[in-house]
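Tertiary structure, described
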Amino acid sequence: MSRTEHSKSNPYKWEYSGVDKRSLSSLEDFLPEKVFDAHAHIYRVEDLGLGDSQASLWTGGGKDASIRSWHEQVAPLFPNATLEGGLFFPAPLPRAEILPANRYLMRELDQHPASRGLAVVTPGLRPEDLAEVLSHPQVIGLKPYHVYSAEKPTPQSSISGFFPEHWWRWAHEHQGVVMMHIVKDDALMDRGNVNEIRRMCTEYPGMRLVLAHAGRSFHAPHAAGMKAIADLENVWFDMSGVCESAPMESVMEYFGPQKLLWGSDFPVSSLRGRAVTVGDGFFWMDAQSCNWNRSHGSPVLVGIESLRALRQACRRMSLSASDISGIFYGNVLRMLTLAPKRTSEGQDLYKKAKQRIPGGVQLLSKRPENMAPGHWPPYFSRAKGCTVWDMDGNRYEDFSTNAVGSCLLGYAHDAVNQAVMRRVQWGNMCSLNPPEEVALAEELCNIHPWAEQVRFVRGGGEACAVAVRIARATTGRTKVAVCGYHGWQDWYLAANLGGQDALKGHLLPGLEPAGVPGELRGTTITFRYNDLEGFRKVMNQHGDELAAIVMEPCRGVDPVPGFLEEIRRETRRRGCLLVFDEITVGWRLGFGGAHLRYAVEPDMAVFAKALGNGYPIGAIIGTRAAMDGAHGSFISSTYWTEGLGPVAALAVLQAMRETDVPDHVRQVGMQVQQAWLSHANQLGLRVKVGGFPSLSTLSFDYPEAEMLRTLFTQQMLQRGFLAGAAFYPTLAHTDSIVGSYTGALGEVFEKMAKAIEAGNIRQLLQGEVAKSGFARLI
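Residues numbered from 1 in each chain as written. Predicted model: local features only at pLDDT ≥ 70, side-chain atom pairs only at ≥ 80, totals over all residues. Heavy atoms only, no water.

On to the packing of helix H18 (residues 532-542) against helix H19 (residues 563-574), then. Packing of H18 against H19 leaves a shortest axis separation of 11 Å and a crossing angle of 5°. Here H18 lies roughly parallel to H19, going by the angle between them. Of the residues in H19, those in contact with Leu 532, Phe 535, Arg 536, Met 539 and Asn 540 of H18 are Phe 563, Glu 566, Ile 567, Glu 570 and Arg 574. (Axes fitted to C-alpha atoms, helices over the stretch in contact; angles between N-to-C directions. Helix = DSSP H or I, 4+ residues; strand = E, 2+ residues; numbered from the N terminus. Parallel < 35°, antiparallel > 145°, perpendicular 65-115°, else oblique. Contact = heavy atoms within 4.5 Å.)

On to unusual backbone geometry. Cis geometry marks the peptide bond from Lys 152 to Pro 153; its omega dihedral reads -10°. When you line up the elements, Pro 153 lands in the loop between strand E6 (139-143) and helix H6 (159-162). Along the chain, Phe 266 connects to Pro 267 via a cis peptide bond; the corresponding omega equals 5°. One can find Pro 267 in the loop between strand E10 (260-261) and strand E11 (274-278). In the Ramachandran plot, Ala 187 falls in the positive-phi region, its phi being about 50° despite a non-glycine side chain.

Looking now at the pairing of strand E19 (residues 546-551). With six of six residues buried, E19 is to be regarded as a mostly interior element. Pairing of strand E17 (residues 479-483) with E19 involves five bridges; the strand directions are parallel. When the bridges of E19 are listed, Val 480 appears paired with Ala 548. As judged from the four bridges shared by E19 and strand E20 (residues 577-581), these two strands associate in the parallel manner. Paired with Ile 549 across the bridge in E20 is Leu 578. Regarding the hand of the β-α-β motif, the stretch spanning E19, H19 and E20 is right-handed. (Buried < 20%, exposed > 50% of the residue type's maximum accessible area, 1.4 Å probe, protein only. Pairing = 2+ DSSP bridges. Right-handed = clockwise from strand over helix to strand, strands pointing away.)

For the rest of this paragraph, the subject is the confidence of the model for the protein. Looking at the protein as a whole, the pLDDT averages 94, with 96% of positions reaching at least 70. Across residues 1-8, where pLDDT falls below 50, the model places 15 contacts with residues more than four positions away in sequence or in other chains. (pLDDT = per-residue confidence, 0-100.)

Moving on, we come to the pairing of E11. For E11 and strand E12 (residues 281-285), the ladder comprises five bridges, and the chain directions are antiparallel. Bridged to Val 278 within E12 is Gly 281. Linkage of E11 to E12, two consecutive antiparallel strands, is achieved through a turn of two residues, within which Gly 279 is found at a positive phi near 55°.

This next bit is on the sheet that holds strand E25 (residues 721-723). Sheet architecture is open: four strands sit in the order E13-E14-E15-E25, paired in mixed fashion. Sheet topology places strand E13 (380-384) and E25 at the edges, where each strand pairs with a single neighbour. Across this sheet, the average inter-strand angle for adjacent strands is 30°, counted without regard to direction. Pairing geometry for strand E14 (residues 387-390) and strand E15 (residues 395-399), over three bridges, is antiparallel. In the sheet register, Val 388 faces E15, and the bridge partner there is Tyr 396.

Another aspect to go through is the nonpolar core. In terms of nonpolar packing, the biggest core is built from 102 residues, with Phe 78, Trp 262 and Leu 310 touching the most fellow members. Among the elements that take part in this core, helix H11 (residues 302-316) stands out by supplying seven residues, more than any other. Beyond its immediate stretch of four places on either side in the chain, Leu 310 contacts Phe 30, Met 239, Met 248, Met 252, Leu 260, Trp 262, Ile 327 and Phe 328. Residues Leu 564, Leu 578, Leu 611 and Leu 653 belong to the second largest nonpolar core, which totals 58 residues. (Core = buried A, V, L, I, M, F, W, Y, C linked by side-chain atoms within 4.5 Å.)

What follows is the structure, given as structure tokens:
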């Protein structure tokens, strides 16, 4: 149909043009196989109270807009898919007859058992007034609308103006769905709207709130307001009628794709035009507001425009096929509880992993058996800030090690992600080198004036291995003395080749040097932190043979006066290099690392973990003399030349300059340590609290310590917290999140104290006790 022909016909008639069909063909590779519509209107025109008004969208399909009509109009949007059903409700027009409209809904649902419905409600009605429709087995919630508000003009109404408390209470008591079209000029950027949503969702957690039209983000910038409610678990969004990708991207960013539902907004989906962001608001382009004959193209249906926007959002957010399928089908079924709740997807996958992956995981510290066997979630689907979602949809606040200390800024830090995504879009790997590695080398040397040269790797263990290789090449010596944990490589585990567990106390007992060549025996010697006599003994026996002393400048406590200074003096006197391992402690105690705090300059220092905030990067910095061996020793790897690591590190350093991260994590750690002690003292629970506040440790001073640690973790999991024997705070831990944790902590400590008193710890524990060392799993 040409533009001229269309202007002469009924502009509101529900029909597909040739342009519509061609546009849909371009979407075929995106469209799903199954669809459940999360937002659609059905009604009889006679119930709408339109009177003798002229033709409109609501009359474009004849006298009835039934579920059959919906199917006829929506099915062409998905030529290769099955419409499994929908969530239907009457058209909430100002003069609509509520009771007849709801009865029509019931009759239609009776003929379509796979679908569900929402009853239209007004502030003046009470649940008893709508007892008939609310008792219908397929009516699972409510549809309020601002046109029924007593507050005028209604587009500026508060939420309570058209959906008062008694309806929130009903939805909570019946686990009902509420389809909410918020209003006011600023939608989710309006503080009043946000406050009402937060209060109602918190006080009535049984209710499931769907914020229609992506929180009415027809003005795309309003979608930024989603961040203020992102912690609410009982909130979903449909994207019905939205024709721009940004609001959908915001849902994905703040809530995850699992909280986004496809909706047609039928019959709005059959309107020809689209909603666009204009100035500080939005504008609906349709036959009434636009002269299509003056356009440079033919308009298509809103349903098509909305699908285009969704495809763009999915591409920009790199959604998987499974994510997209969920938006069209699975998410709404889970929200409506029509699909079985996932309860063991993660645990089932881990059972498979242990058969395919020796050890089950790639990092010993992430073995679920070390925390709470059978309970600790093995895998995550999403992480943001200090919040983690597992594969079964459970949400946790992370009060454990926050990715073993690697995400000091919090998970998925916005500025870091933005920098990384820019490099991803432009390519992160090719036959040339990333220029960002030069910029990062300059930055690290500026931060550490004693350092002159830098080499990069992509992890902490290999950073230490490279540092040792360089030290051996520079000095021409073989032996290394260590104090602390420095990775898994042969040079380090060689300390355990002597028949004794020499590394016990540096990490954990039982690290068998299986696979480490016996010829390395005697090449790695250990001494303990703050043990000057032990250090002197090592130097007296091996000092002239040592290539390097590799040690953490600190870990759980400050060095005793003179400890680091004597090591520095002695290494210089003996001609061996001092290498500070800042992989874990670096950046937590001070910008640039702990050794700057103690004013002791090493020959080399190694960084990883927090330097990339979750992106792989490791750095070895050193004086020109110390790094000289790197010129003659072959140290080379393909993936050390990709661009994401350096880009991430540069963004991390910038973020750390803008915020005093060490002070923040110290304050958070102090709050948590104080909570551990105060709750324990009040309850008579014997605990040991140690470490710097930014690397806090907790243990239970009882013979059944490991059983109690496991019980603590299980109980905190039940309350929505990942927690164990260590807490590494991040910039993302806020006072409110810490307050929630300390509240749950009090409940759990009280339960544990009672169990200890009653002698029934074992009965309270569910399953096995957590493992505390390295051991074969199968």
